[in-house]
Amino acid sequence: MTVMEQRGAYRPTPPPAWQPRTDPAPLLPDAEPRRVLGTEAAAQTDPELLRRLYAQVVLGRRYNAQATALTKQGRLAVYPSSTGQEACEVAAALVLEERDWLFPSYRDTLAVVARGVDPVEALTLLRGDWHTGYDPYEHRVAPLCTPLATQLPHAVGLAHAARLKGDDVVALAMVGDGGTSEGDFHEALNFAAVWQAPVVFFVQNNGFAISVPLAKQTAAPSLAHKAVGYGMPGRLVDGNDAAAVHEVLSEAVRRAREGGGPTLVEAVTYRIEAHTNADDATRYRGESEVETWREHDPILLLERELTARGLLDEQAKEAAREAAETMAADLRARMNQDPALDPADLFAHVYAEETPHLREQRALLRAELDAEAEPEGGHR
Amino acid sequence: MTTVALKPATMAQALTRALRDAMAADPSVHVLGEDVGTLGGVFRVTDGLAKEFGEDRCTDTPLAEAGILGTAVGMAMYGLRPVVEMQFDAFAYPAFEQLISHVARMRNRTRGRMPLPITVRVPYGGGIGGVEHHSDSSEAYYIATPGLHVVTPATVADAYGLLRDAIASDDPVVFLEPKRLYWSKDTWNPEDPQTVDPIGRAVVRRPGRSATLITYGPSVPVCLEAAEAARAEGWDLEVVDLRSLVPFDDETVAASVRRTGRAVVVHESGSFGGPGGEIAARVTERCFHHLEAPVLRVAGFDIPYPPPMLERHHLPGVDRILDAVARLQWEAGN
């Protein structure tokens, strides 16, 4: 008897019928990013919201310019600019209620400021006087996160804890396109979906992870498509269209608050400036590409819409510009003051109670400081 | 003197009791990890907790250590006290970034505004015949990270007391559980468990005059056995159980070495870059004029943890400790 004959005689039991756990179709993002400004959908947007977005985006652009200038003056160690991405930054802050939490990455200073944190405190990390300048509980903003995507599981845990306590709190976590390659991105999305945690994952796809373009970052059809694998909806939005970003994020926040679980939102945008002032963007992209995106500027898009609908005149534009200049002047003035630093703080917040060996090291530093303070020719 | 009903209990039972008591005393204590719920943990340390407190308090998570610890960070931010289980020493490595970049320094990053009271339970060490990645002694990585407390019990009573203290601590604590002591029995009063000495204090487990064995966790019983064996050689060894590597109890250790004049540090983890080097340096700095011999180390070899059929050659045993003790009969020029 041949092997084939043996196989023919064998009648295997069929495996149990396989069922997908979730119908993937409703989770899939649309083929095109959601757009509102300049389309018929804009008529549905509250004019007051459009005005507010405009004022905030203009303010944000000025903030980015001022912070970049401060790096050139040596007042900031580094500044990762979000110029071109202001619509995302502002919308992320505006869609949240006071009780909600924002989990920013290092490029999201603007969202932190739009949430209400003092602009100077928001820059403390980048100035270099402390790692986090603001009290995270005051405005419910987690510290700016430098490692990539590691703040995403924090957002999931916080949202999960809030739900366990019966609070209808939503966490919105921001991450870049590069961050979606990190393991913590995957683990956070998976935990959030399994736990149905009230979280919104907000990816700002600005085209580059420092110098690496999206095509070298992922083979996925879009970053929003990644949601389907976790069992949550993925949404694509034009990241330069403030009204669209606000709409899509609001919908995700509402869903989360009502117990519908997490959403992954990908905003397609562009980083107009280099990664930071220490980066040379001309090594990896051409000026013509940047120009294309300048024509799709978030401020321009809002201005066109508001002007076409008679919601913005020269006077209103001037008022927005003035408010931005006032903010910038205040920021400049306060950032030009040297922060008062106490070296003893080095040991103050390592543990709730100083350990014996930190007490020894504090004494050593104290002795060094005392020796420095002694007048010239003093005893050593 | 009060008489209490002391009964034999295992370290695993004491740990379970500590978790249960902590959860009963404080509704913000949550246990999470892979297999901690329905199964009760692969070592059964979380046995019965999900049943008693519900799956929201004792949660089976997806299999992802960074996710387990990362979500615990968020839970702690919102006022909970998460106790996470890492199942096996080497399984904790994917969670290192969360531990080092966030857990250890969130208090510091936020000037004390956002402390993270997280307990990370890590079953560690060898001697149970585990296959690769199931027997690492990873304490050197943890003690090199400022912001973490690192403790490890060697007795049943300490397993209970230190775990209660760890969970109650407002700082993150890496709680290293010596796997091979899980089933070690001790007389202990499970009806009225007491926390004993606090985190940060070392304890003299056996007083002696001729030399000090400085040790912790799984090596404590080995050192006590070596001390008994050394009596035949005329050595009266003192055994100090550190209990806590961070904070480190220099006082108890130095006081012992000043009495005895000789010291051997014993641990399972490798000797190069291991805790023994740090301890020997601290002892030398504090006791130099009292020392009759160099501080010696008896440690695991500086090799990846060996396969189970060879691990007995790697782990510091009584003979290797006694050889080191013999070398303390130091004469300059030897």
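As the structure is a computational prediction, the values presented were derived from the model and not from experiment.

Rules and cut-offs
- Residues numbered from 1 in each chain as written.
- Chains lettered and ligands numbered in written order.
- Predicted model: local features only at pLDDT ≥ 70, side-chain atom pairs only at ≥ 80, totals over all residues.
- Heavy atoms only, no water.
- UniProt positions renumbered as here; feature names shortened; annotations may be inferred.
- Helix = DSSP H or I, 4+ residues; strand = E, 2+ residues; numbered from the N terminus.
- Pairing = 2+ DSSP bridges.
- Axes fitted to C-alpha atoms, helices over the stretch in contact; angles between N-to-C directions.
- Contact = heavy atoms within 4.5 Å.
- Salt bridge = Lys/Arg side-chain N within 4 Å of Asp/Glu carboxyl O.
- Nonpolar A, V, L, I, M, F, W, Y, C, P; charged D, E, K, R; others polar.
- Buried < 20%, exposed > 50% of the residue type's maximum accessible area, 1.4 Å probe, protein only.
- Phe/Tyr/Trp six-rings, centres within 6.5 Å; stacked < 30°, edge-to-face > 60°.
- Core = buried A, V, L, I, M, F, W, Y, C linked by side-chain atoms within 4.5 Å.
- Right-handed = clockwise from strand over helix to strand, strands pointing away.
- Parallel < 35°, antiparallel > 145°, perpendicular 65-115°, else oblique.
- Left-handed = near helix turned anticlockwise from the far one by under 90°.
- pLDDT = per-residue confidence, 0-100.

## What about the UniProt feature "domain: Dehydrogenase E1 component" (unreviewed entry) in chain A?
And step 1. On the UniProt side, "domain: Dehydrogenase E1 component" (unreviewed entry) is annotated at positions that read residues 57-341 of chain A here.
And step 2. Structurally, residues 57-341 of chain A is divided into 48% helix and 11% strand, and its ends, taken at the C-alpha atoms, are 33 Å apart.

## Concerning the UniProt feature "domain: Transketolase-like pyrimidine-binding" (unreviewed entry) in chain B
And step 1. Per the UniProt annotation, the sites labelled "domain: Transketolase-like pyrimidine-binding" (unreviewed entry) are residues 9-184 of chain B.
And step 2. Along residues 9-184 of chain B one finds 36% helix and 17% strand; the C-alpha atoms at either end are 8 Å apart.

## Some details on the sheet that holds strand β10 (residues 211-215) of chain B
Residues and elements named next belong to chain B.
And step 1. With mixed pairing, the five strands of this open sheet are ordered in space as β9-β11-β10-β13-β14. The open sheet terminates on both sides in strands that have one partner only, identified here as β9 (203-206) and β14 (296-300). Going from strand to strand, the sheet's axes swing by 25 degrees on average, the running direction of each strand aside.
And step 2. In the sheet, β10 pairs with strand β13 (residues 263-270) via four bridges, with the strands oriented parallel. Within β13, the position partnered with Thr212 by the bridge is Ala263.
And step 3. Along the sheet, helix α8 (residues 219-230) makes contact with β9, β10, β11 (237-241) and β13, crossing β11 at roughly 170 degrees.

## Focus on the interface of chain A and chain B
And step 1. Each side of the interface is counted separately: chain A has 43 residues, and chain B has 45 residues.
And step 2. Here chain A is connected to chain B by three salt bridges.
And step 3. Between Arg113 of chain B and Asp135 of chain A there is a salt bridge, with the nearest N and O atoms lying 3.2 Å from each other.
And step 4. Listed by contribution, the elements that provide at least two residues to the side of chain A that touches chain B are β1 (101-103), α7 (136-139), α8 (151-164), α9 (183-195), α16 (345-348) and α17 (356-373) of chain A.
And step 5. With nine residues, α8 of chain A is the single largest residue contributor to the side of chain A that touches chain B.
And step 6. Counted by class, the side of chain A that touches chain B contains 24 nonpolar, ten polar and nine charged residues.

## Comments concerning unusual backbone geometry
Note: most residues except glycine have negative phi, and most peptide bonds are trans.
And step 1. The residue after Val246 of chain B, namely Pro247 of chain B, is reached through a cis peptide bond having omega 0 degrees.
And step 2. With respect to the helices, strands and loops of the structure, Pro247 of chain B is situated in the loop between β12 (244-246) and α9 (250-260).
And step 3. Although it is not a glycine, Arg140 of chain A adopts a positive phi angle of roughly 55 degrees.
And step 4. Within the secondary structure, Arg140 of chain A is located in the loop between α7 and α8.
And step 5. One non-glycine residue with positive phi stands out, namely Arg111 of chain B, at about 50 degrees.
And step 6. Along the chain, the position of Arg111 of chain B falls in the loop between α5 (106-109) and β5 (119-124).

## Some thoughts on the pattern of salt bridges
And step 1. In the structure shown here, the tally under the stated rule is 49 salt bridges over all chains.
And step 2. The closest approach of N and O atoms between Glu360 of chain A and Arg286 of chain B, which form a salt bridge, is 2.7 Å. One end of the pair, Glu360 of chain A, is in helix α17; the other, Arg286 of chain B, is in helix α10 (residues 275-287), on a second chain.
And step 3. For Glu360 of chain A, a relative accessible area of 42% corresponds to the partly exposed category.

## What about the packing of aromatic side chains?
All names here are of chain A.
And step 1. Scanning all chains against the criterion turns up 16 aromatic pairs over all chains.
And step 2. Considering the side-chain rings of Trp101 and Phe103, the 6.0 Å spacing of their centres and the 35 degrees angle between planes classify their relative orientation as tilted. Of the two residues, Trp101 and Phe103, neither departs from the other in class, the shared state being buried.
And step 3. Ring centres of Phe191 and Trp195 lie 5.2 Å apart, and the angle between their planes is 80 degrees; this geometry places the pair in the edge-to-face category.

## What about the side chain of Thr61 of chain B?
And step 1. Position of Thr61 of chain B among the secondary structure elements: in the loop between β3 (58-60) and α3 (65-77).
And step 2. Dropping the residues within four chain positions of it, Thr61 of chain B is found in contact with Phe191 and Trp195 of chain A together with Leu32, Gly33, Glu34 and Ile68 of chain B.

## Remarks on the sheet that holds strand β7 (residues 263-268) of chain A
Residues and elements named next belong to chain A.
And step 1. The five strands lie next to each other as β1-β2-β3-β7-β6, forming an open sheet whose pairing is parallel. Across the chains shown, the open sheet's two edge strands, defined by having one partner strand only, are β1 and β6 (234-238). Strand-to-strand twist in this sheet, taken as the mean axis angle between neighbours without regard to direction, amounts to 20 degrees.
And step 2. One ladder, built from six bridges, connects strand β2 (residues 171-176) with strand β3 (residues 199-205); its direction is parallel. Directly across from Gly176, in β3, lies its bridge partner Gln204.

## Notes on the nonpolar core
And step 1. One finds Phe201 of chain A together with Leu69, Tyr142 and Leu242 of chain B to be the most contacted residues of the largest nonpolar core, which totals 86 residues.
And step 2. Setting aside residues up to four positions removed in sequence, Leu242 of chain B forms contacts with Arg201, Ala202, Ile214, Thr215, Tyr216, Phe248, Val253 and Ile279 of chain B.
And step 3. Listed in part, the 63 residues of the second largest apolar core include Val57, Val112, Tyr134 and Val141 of chain A.

## Side note on the pairing of strand β7 (residues 173-178) of chain B
Residue and element names in this part refer to chain B.
And step 1. With six of six residues buried, β7 lies mostly within the body of the structure.
And step 2. The alternating pattern of β7 places Val173, Phe175 and Glu177 on one face and Val174, Leu176 and Pro178 on the opposite face, and all of these are buried.
And step 3. In this sheet, β7 lies alongside β5 in parallel orientation, the contact comprising six bridges. Bridge pairing in β7 links Val120 to Val174.
And step 4. Traced from strand β6 (residues 149-151) through helix α7 (residues 156-168) to β7, the parallel crossover comes out right-handed.

## Notes on the packing of α9 of chain A against α3 of chain B
And step 1. For the pair α9 of chain A and α3 of chain B, the least separation of the axes is 9 Å and the interaxial angle reads 70 degrees. The orientation of α9 of chain A relative to α3 of chain B falls into the category roughly perpendicular. Crossing handedness for the pair α9 of chain A and α3 of chain B: right-handed. Between α9 of chain A and α3 of chain B, the contacting residues are Asp184, Glu187, Phe191 and Trp195 of chain A on the first element and Glu65, Ala66, Gly67, Ile68 and Thr71 of chain B on the second.
And step 2. Across the contact of α9 of chain A with α3 of chain B, the residue classes tally to four nonpolar, two polar and three charged.

## Notes on the pairing of β3 of chain A
Residues and elements named next belong to chain A.
And step 1. By the criterion of burial, β3 is predominantly enclosed, with seven of the seven residues buried.
And step 2. Between the parallel elements β2 and β3, the chain passes through α9 in a crossover that is right-handed.
And step 3. Strand direction decides the pairing type here: β3 and β7, joined by six bridges, are parallel. What sits directly across from Val200, in β7, is Thr263.

## Section: the packing of α3 of chain B against helix α4 (residues 96-103) of chain B
Residue and element names in this part refer to chain B.
And step 1. Relative to each other, α3 and α4 sit at 25 degrees, their axes nearing to 8 Å. Between α3 and α4, the interaxial angle falls into the category roughly parallel. Touching Ala66, Leu69, Gly70 and Val73 of α3 are Gln98, Leu99 and Val103, all from α4.
And step 2. Of the residues assigned to the contact of α3 with α4, the class counts are five nonpolar, two polar and no charged.

## Focus: the confidence of the model for chain B
Detailed reading of the predicted coordinates is not advisable wherever pLDDT is low.
And step 1. Per-residue confidence for chain B averages 95 on the pLDDT scale, and 97% of its residues sit at or above 70.
And step 2. Quick note on the complex model: pTM equals 0.95, ipTM equals 0.95.

## A closer look at the environment of Gly161 of chain B
Residue and element names in this part refer to chain B.
And step 1. Here Gly161 shows up in helix α7.
And step 2. Taking relative accessible area as the criterion, Gly161 reaches 1% and is therefore assigned buried.
And step 3. C-alpha separation for the pair Gly161 and Arg205, spaced 44 residues apart in sequence, amounts to 16 Å.
And step 4. Not counting residues up to four positions away in its chain, the partners in contact with Gly161 are Thr195 and Val196.

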